[in-house]
Amino acid sequence: MTDIATTDTHGAEAVLPTPSQTVGPFYGYALPIPDGGNIAPVGHPDTVTVHGHVYDGEGNPLPDALVELWGAAPDGSVPTATGSMRRDPASGGFVGRNGLEFTGWGRIQTDADGHWVARTLRPGARGGGAPYLAVCVFARGLLMHLFTRIYLPGDDAALAADPVLSQVEEGRRSTLVAEEQAPATYRFDIRLQGENETVFLEYQ
Amino acid sequence: MALTQHDIDKEIAAERDAYEQRVAGGAPVEHHPDRGYAPYRSSVLRHPKRPPVGIDVTKDPELVELSSPAWGERDITELDNDLTRQHRGEPVGERITVEGRLLDREGRPVRGQLVEIWQANSAGRYAHQREQHDAPLDPNFTGAGRTLTDDHGFYRFTTIQPGPYPWRNHTNAWRPAHIHFSVFGRSFTQRLVTQMYFPNDPLFPYDPILHAVTDQAARDRLVAAYDHNLSVPEFSLGYRWDIVLDGPSATWMEEGR
Ligand SMILES: [Fe+2]
């Protein structure tokens with residue numbers, strides 16, 4: 001039954017992918033990790049707070065969405081440190097991050113209000129684009145995760161020149177740019193459907 | 001008024017017929033569910049209606065999404081892949097061993113990546129506060145585990161055969177027995193959350209979540225195979241299930257882990 005081989009043996013399409021399935025309602029005791037949203041090393045000067053709600057097509061917040069963030073370090077490099085969830089062999093529980101190293105990855109479950117919060121380091125630019133945090137969203141009811149990006153406002157020229165943002169019709173670009181609420185504090189809501197639906201991305 | 005299984009069966013059949021017609025008309029095979037698959041009612045308000053914006057990753061090999069978070073020995077303990085040894089006593093149920101390889105679309109092993117699982121106990125009950133099914137909890141079974149793939153891309157778990165359980169999509173809705181999997185690849189674009197099923201489950205025809213994968217061959221790839229060579233004498237029954245990650249990856253060349 002697990003026959004993954006080959007309807008087509010010509011190169012890249014030789015192995016067929018495992019289909020996605022919804023994360024369902026019961027991941028909450030398995031996937032969330034302590035300090036999942038505290039990605040920034042403690043006291044780091046480049047720390048930014050990014051937060052928002054996840055909404056459905058009727059504008060109701062999702063109390064059971066899971067948001068994952070992945071971003072470059074402030075100098076634009078890809079983080080290579082392990083230790084996002086450190087486990088404790090004595091207790092069988094999580095120790096959590098050590099507060100020193102930057103792993104670049106975080107995972108946050110929305111709370112009962114559909115709200116998520118992350119503290120991470122301001123991402124640096126890579127390649128020709130404006131800096132951003134990559135986002136992957138999971139939820140009950142979502143049969144396959146959704147990718148999007150959080151661009152931080154400030155450098156209008158860089159945002160205007162970004163190759164992905166410039167592919168997006170002008171009226172929808174703002175769904176990909178966080179709103180600065182206070183110094184180093186940004187709001188980014190994710191609207192799965194409906195008015196101001198967030199722009200989602202597909203990598204090819 | 002309440003939705004019956006018969007109502008859902010008709011919707012599943014209509015979606016399948018529409019898919020088969022699309023393919024017969026030259027449309028590509030669909031390996032993943034349509035996020036708007038309505039027989040699974042929770043999807044209705046939770047899927048985007050606008051088409052996604054495509055990103056051609058070959059135009060920018062520097063994209064951070066072409067890399068992935070790193071995992072190491074400190075993120076895992078040796079017991080994390082044995083769900084039968086997380087408590088003082090033995091969990092109730094049939095012990096099973098689940099093993100397989102994590103591969104990319106080229107069939108290459110994906111090494112050192114995080115595989116997380118969660119599941120119901122043998123009675124079909126999750127150790128989750130919001131669970132409403134009144135089957136018994138098992139004080140010796142939580143049902144969550146994790147591991148890293150080895151140098152050949154293999155993962156392996158020891159656990160308990162999960163039970164099927166009812167849910168409220170429609171009247172008399174039952175999920176076939178399954179284990180939830182969350183998997184990372186070499187690139188963030190390869191992220192996958194899915195469910196593994198067991199062979200010959202009589203509930204397959206009735207489940208709108210499984211049938212959200214409208215392609216029969218793709219659905220079959222969600223079903224593990226019983227593998228007698230994986231069964232451990234006097235201990236557990238063996239199931240083999242390989243996982244193939246979709247999505248582009250740029251880092252095979254530099255893969256040294
Ligand atoms: Fe489940």
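Residues numbered from 1 in each chain as written. Chains lettered and ligands numbered in written order. Predicted model: local features only at pLDDT ≥ 70, side-chain atom pairs only at ≥ 80, totals over all residues. Heavy atoms only, no water.

Chemist: Help me understand the overall build of chain B, please; the structure alone is not making it clear to me.
Modeler: Tallying secondary structure elements over chain B gives three helices and 12 strands in all. For chain B, the spread of C-alpha atoms along the principal axes amounts to about 55 × 55 × 35 Å. Taking all 257 residues of chain B together, the buried fraction comes to 56%. Intrachain contacts of chain B at a sequence separation of at least 6 include 71% that bridge at least 24 residues. (Helix = DSSP H or I, 4+ residues; strand = E, 2+ residues; numbered from the N terminus. Buried < 20%, exposed > 50% of the residue type's maximum accessible area, 1.4 Å probe, protein only. Contact = heavy atoms within 4.5 Å.)

Chemist: What is the right way to look at the sheet that holds strand β4 (residues 144–148) of chain B in this model?
Modeler: Sheet strands pair via backbone hydrogen bonds, and the direction of the pair is either parallel or antiparallel. Residue and element names in this part refer to chain B. Taken together, four strands build an open sheet; the order of strands is β4-β3-β8-β9 and the sheet is antiparallel. The open sheet is flanked by β4 and β9 (192–197), the only strands paired with a single partner. When strand polarity is set aside, the average angle formed by the axes of neighbouring strands in this sheet is 20 degrees. Strand direction decides the pairing type here: strand β3 (residues 114–119) and β4, joined by five bridges, are antiparallel. Within β4, the position partnered with Trp118 by the bridge is Ala144. (Pairing = 2+ DSSP bridges. Axes fitted to C-alpha atoms, helices over the stretch in contact; angles between N-to-C directions.)

Chemist: Any chance you could explain the pairing of strand β11 (residues 237–240) of chain B here in plain terms?
Modeler: Residues in a regular strand project their side chains so that they alternate between the two faces of the sheet. Residue and element names in this part refer to chain B. Where strand β2 (residues 95–103) lies against β11, four bridges are found, and the strand directions are parallel. Note on β11: the bridge partner recorded for Thr97 is Gly238. Bridging between strand β10 (residues 225–226) and β11 involves two bridges; their strand directions are antiparallel. Counted as the bridge partner of Ala225 is Arg240 from β11.

Chemist: Is there a simple way to think about the interface of chain A and chain B in this case?
Modeler: Quite often, the size of an interface is put as the accessible area lost when its parts meet. Each side of the interface is counted separately: chain A has 81 residues, and chain B has 87 residues. Of the roughly 7,700 Å² buried at the junction of chain A and chain B (both faces included), carbon and sulfur atoms supply 59%. Where chain A touches chain B, the interface holds eight salt bridges. A salt bridge links A:Glu101 to B:Arg74; the shortest N-O distance between them is 3.2 Å. In this assembly, chain A and chain B are joined by 47 residue pairs in polar contact (both at pLDDT 80 or more). Among the elements of the structure, β2 (65–71), β3 (105–109), β5 (132–139), β6 (146–151) and β10 (201–203) of chain A are those that each provide at least two residues to the side of chain A that touches chain B. For the side of chain A that touches chain B, the leading source of residues is β5(A), giving six residues. Looking at the side of chain A that touches chain B, its residues break down into 43 nonpolar, 20 polar and 18 charged. Judged from the three bridges that link them, β10(A) and strand β1 (residues 53–55) of chain B form a sheet pairing that is parallel. By the bridge assignment for β1(B), A:Leu201 is matched with B:Val53. (Buried area = accessible area lost by both parts, 1.4 Å probe. Salt bridge = Lys/Arg side-chain N within 4 Å of Asp/Glu carboxyl O. Polar contact = N/O pair within 3.5 Å; in protein donor to acceptor, adjacent residues only side chain to side chain. Nonpolar A, V, L, I, M, F, W, Y, C, P; charged D, E, K, R; others polar.)

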